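Working through the structure, step by step
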Amino acid sequence: MAVAARGNVTYMAPEARRDADRCATESASEGISREEALELWRYAPLEELTFAARARRAAFHGTCVSFSKKVFIPLTRLCRDYCGYCTFRRDPGEPDDGFLRPEEVLRIAEDGRRAGCKEALFSLGDQPEKVFPEARAVLLKLGFARTLDYLAAMCELVLKETGLLPHANPGVMAAADLERLKSSNGSMGLMLESVSSRLLHRGEAHFRAPDKIPAVRIQAMDDAGRLKIPFTTGILIGIGETLEERVDSLIAIRDSHRRYSHIQEVIVQNFRAKADTPMAGASEPAMEEMLRTLAIARLILDGEMNLQAPPNLSYENFPMLLDAGINDWGGISPVTRDWINPEAAWPQVNLLERETDSHGLELRERLAIYPEYVTRNEFVHPNLRPHLSRFAGPDGYARN
């Protein structure tokens, strides 16, 4: 395949033109193939790609763009992984190296409840007790042997005392952990990030990060599917992966959803360089690359799948993300910062609404569990039904 350039105009080869035209007009549920995705990435102008992505969003999601009003609970920043881009994690002895106590968890959750939040996002480091005796000692004082056991107890506490719907994002979980957490979580999440095992090598983004083994994360994603857990996952772009690896990661997510119909949300997150990390000097993806990746993701994913990009990581350019076919802004907190990206403030909801409206789209508040899963009993534990009934309107979105 080839493309010809005349002046400033690029002409697609016939095969890429055919793929772009088909994506813009076809309403079939299944996404495009790996080969089609790579062709379009390499040869389709950005305007053609984003037009096709918006057409596919309109065909399956109409004009609705959703978000969840959440409170962010960083249960612990201790983590056994050393990812090259992370400023969230801590070692024992560093500032903020402890576990939030139950009273602190409830205080944060209650602040969120008073501010109108309906989701409690629990984010934490991955199984620090496996490598740090200090973490084991603190957990034992709290009455637990493992971080995941403490997480389950705190999710149950927040659900009981505040009614907020927990969404746990603790890293790798075994099937038994997923099953217990389902009883107190509206949904759960684990970013796949990348299927590239190459990134585990010395000098790469996931060196010294045992929980970033792709097969382990895909196993957790599939276990969640077998247990009928509404699940959030996604990719992280700009951490050294190739184009082929990026496409393969999206296809791996799509394949898991085809097996179990449980992936409620796919995030495309752009790497942001942070000081005092091994990747502080690495290049960040340009906005054009982000838009191209989002458009390709929309075309790869099956039609019913929801696509999100974090608005705070695109700063003032975040409205452009709508042009690439997203239908969700993710969680937005009126009371807590993004502890994973503390330098990037979330846009306020009224700004999100204004920009969404200017694109001819409608902003709707959803819950931690997406509307299409709210009425599917197998995806909702009985413990959650009374809380969902209070929060959810007839169409599954948050009640006004």
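Heads up: the structure comes first, above all this text.
First, a word on what this report is: a plain description of the structure on this page. (Residues numbered from 1 in each chain as written. Predicted model: local features only at pLDDT ≥ 70, side-chain atom pairs only at ≥ 80, totals over all residues. Heavy atoms only, no water.)

**Section: the overall build of the protein**
What counts, and what does not: The helix count covers DSSP runs of H or I at least four residues long, the strand count covers runs of E at least two residues long, and both are numbered beginning at the N terminus. Two things to know: the radius of gyration comes from C-alpha atoms, and the globule rule equals 2.2 Å times the number of residues to the power 0.38. Each residue is placed in one exposure class: buried if its accessible area under a 1.4 Å probe, protein chains only, is under 20% of its type's maximum, exposed if it is over 50%, and partly exposed if it falls in between. Contacts are assigned to residue pairs that have any heavy atoms within 4.5 Å of one another. Residue burial considers only the protein chains on display, and all accessible areas are found by Shrake-Rupley using a 1.4 Å probe.
A count of helices and strands for the protein gives 13 helices and 11 strands. The C-alpha atoms of the protein give a radius of gyration of 21 Å, which matches the 21 Å a tight globule of 400 residues would have. For the protein, the residues scored as buried account for 58% of the 400 residues in total. Within the protein, residue pairs in contact and separated by at least 24 positions form 74% of the contacts whose partners lie at least 6 positions apart. Accessible surface computed for the protein: about 16,000 Å², of which carbon and sulfur atoms make up 51%.

**Focus on the nonpolar core**
The following threshold applies: Residues grouped as a nonpolar core are buried Ala, Val, Leu, Ile, Met, Phe, Trp, Tyr and Cys residues, joined through side-chain atoms within 4.5 Å.
With 87 residues, the main nonpolar core has Leu75, Phe122, Leu151, Phe231, Leu294, Leu321 and Trp329 as its most contacted residues. It is helix α10 (residues 287–300) that contributes the most residues to this core, 9 residues altogether. Dropping the residues within four chain positions of it, Leu151 is found in contact with Leu75, Phe122, Leu124, Ala168, Pro170 and Leu181. Residues Leu159, Ala368, Val374 and Phe379 belong to the second largest nonpolar core, which totals 15 residues.

**Quick word on the state of the cysteines**
Which entries qualify depends on this criterion: Defined by distance alone, a disulfide is two cysteine sulfur atoms within 2.5 Å.
In total, this model carries 0 disulfides according to the counting rule given. Counting only cysteine sulfurs, Cys117 is the nearest neighbor of Cys64, a cysteine outside any disulfide, at a range of 19 Å. Owing to a relative accessible area of 14%, Cys64 belongs among the buried residues under this scheme. You can see Cys117 has no disulfide; the closest cysteine sulfur is in Cys155, sitting 16 Å from it.

**Thoughts on the packing of helix α6 (residues 147–162) against helix α7 (residues 175–182)**
For clarity, the threshold we go by: Angles shown run from 0 to 180 degrees and are taken between the N-to-C directions of axes, each axis being a line fitted to C-alpha atoms and, for helices, limited to the stretch in contact. Under this scheme an angle from 65 to 115 degrees is roughly perpendicular, one under 35 degrees roughly parallel, and one over 145 degrees roughly antiparallel; angles in between are oblique. For this classification, the nonpolar set comprises Ala, Val, Leu, Ile, Met, Phe, Trp, Tyr, Cys and Pro, the charged set comprises Asp, Glu, Lys and Arg, and every other residue, Gly included, is treated as polar.
Two elements in contact, α6 and α7, have axes separated by 9 Å at closest approach and are oriented at 10°. Considering the angle they form, α6 stands roughly parallel to α7. Note on element contacts: α7 touches α6 through Asp177, Arg180 and Leu181, opposite Leu148, Asp149, Leu151, Ala152, Ala153, Cys155 and Glu156. A class-by-class count of the residues in the contact of α6 with α7 yields 6 nonpolar, no polar and 4 charged.

**Structural notes on the environment of Glu304**
For clarity, the cut-off: The definition of a polar contact used here is a pair of N or O atoms within 3.5 Å, where within protein one atom must be able to donate a hydrogen and the other to accept one, and adjacent residues in sequence count solely through side-chain atom pairs.
Note that Glu304 resides in the loop between α10 and β9 (307–308). With 48 residues separating them in the primary sequence, Glu304 and Ser256 have C-alpha atoms 14 Å apart. Those residues in contact with Glu304, other than ones at most four positions away along the chain, are Ser29, Phe60, His61, His257 and Glu372. At a separation of 3.2 Å, a polar atom in the side chain of Glu304 contacts the side chain of Ser29.

**Structural notes on the packing of helix α2 (residues 34–43) against helix α9 (residues 243–260)**
We count it as follows: Note on convention: near helix rotated counterclockwise from far helix by under a right angle means a left-handed crossing. Clockwise means right-handed.
Two elements in contact, α2 and α9, have axes separated by 10 Å at closest approach and are oriented at 135°. Between α2 and α9, the interaxial angle falls into the category oblique. Relative to α9, the crossing made by α2 is right-handed. In this structure, α2 uses Arg34, Ala37, Leu38, Trp41 and Arg42 to contact α9, whose residues at the interface are Leu243, Glu244, Arg246, Val247, Asp248 and Ile251.

**Remarks on the layout of surface pockets**
What counts, and what does not: Of the grid points, spaced at 1 Å and generated over the protein atoms alone, those admitting a 1.4 Å probe that cannot get out make up cavities, while open sets with protein on both sides within 12 Å along at least five of seven lines make up pockets; any residue with an atom within 4 Å of a point is treated as lining. Grid points are joined across faces, edges and corners, and a volume is the space filled by probe spheres set on the points.
A volume near 350 Å³ is recorded for the largest pocket. Residues of the lining of the largest pocket, tallied by class, amount to 8 nonpolar, 4 polar and 6 charged. The calculated volume of the second largest pocket comes to roughly 280 Å³. Of all elements in the fold, only β3 (64–76) and α4 (102–114) reach the threshold of two or more residues within the lining of the second largest pocket. Residues that form the lining of the second largest pocket fall into these classes: 8 nonpolar, 3 polar and 5 charged.

**Section: the side chain of Ser68**
One can find Ser68 in strand β3. Residue Ser68 is classed as buried on the basis of its relative accessible area, which comes to 1%. Polar contacts involving the side chain of Ser68 include one to the side chain of Glu119, which spans 2.5 Å.

**Some details on the environment of Ala392**
You can see Ala392 is positioned in the segment after α13 (385–391). Taking the relative accessible area as the measure of exposure, Ala392 reaches 7% and is therefore buried. Distance in space between the C-alpha atoms of Ala392 and Val374 is 8.0 Å, their sequence separation being 18 residues. Residues within four places of Ala392 in sequence aside, it is in contact with Leu367, Val374, Tyr397 and Arg399.

**As for unusual backbone geometry**
Of note, Gln127 is a non-glycine position whose phi angle comes to about 45°, a positive value. Tracing the sequence through the fold places Gln127 in the loop between β4 (119–124) and α5 (133–142). Taking relative accessible area as the criterion, Gln127 reaches 10% and is therefore assigned buried. Unlike most non-glycine residues, Arg208 shows phi in positive territory, near 65°.

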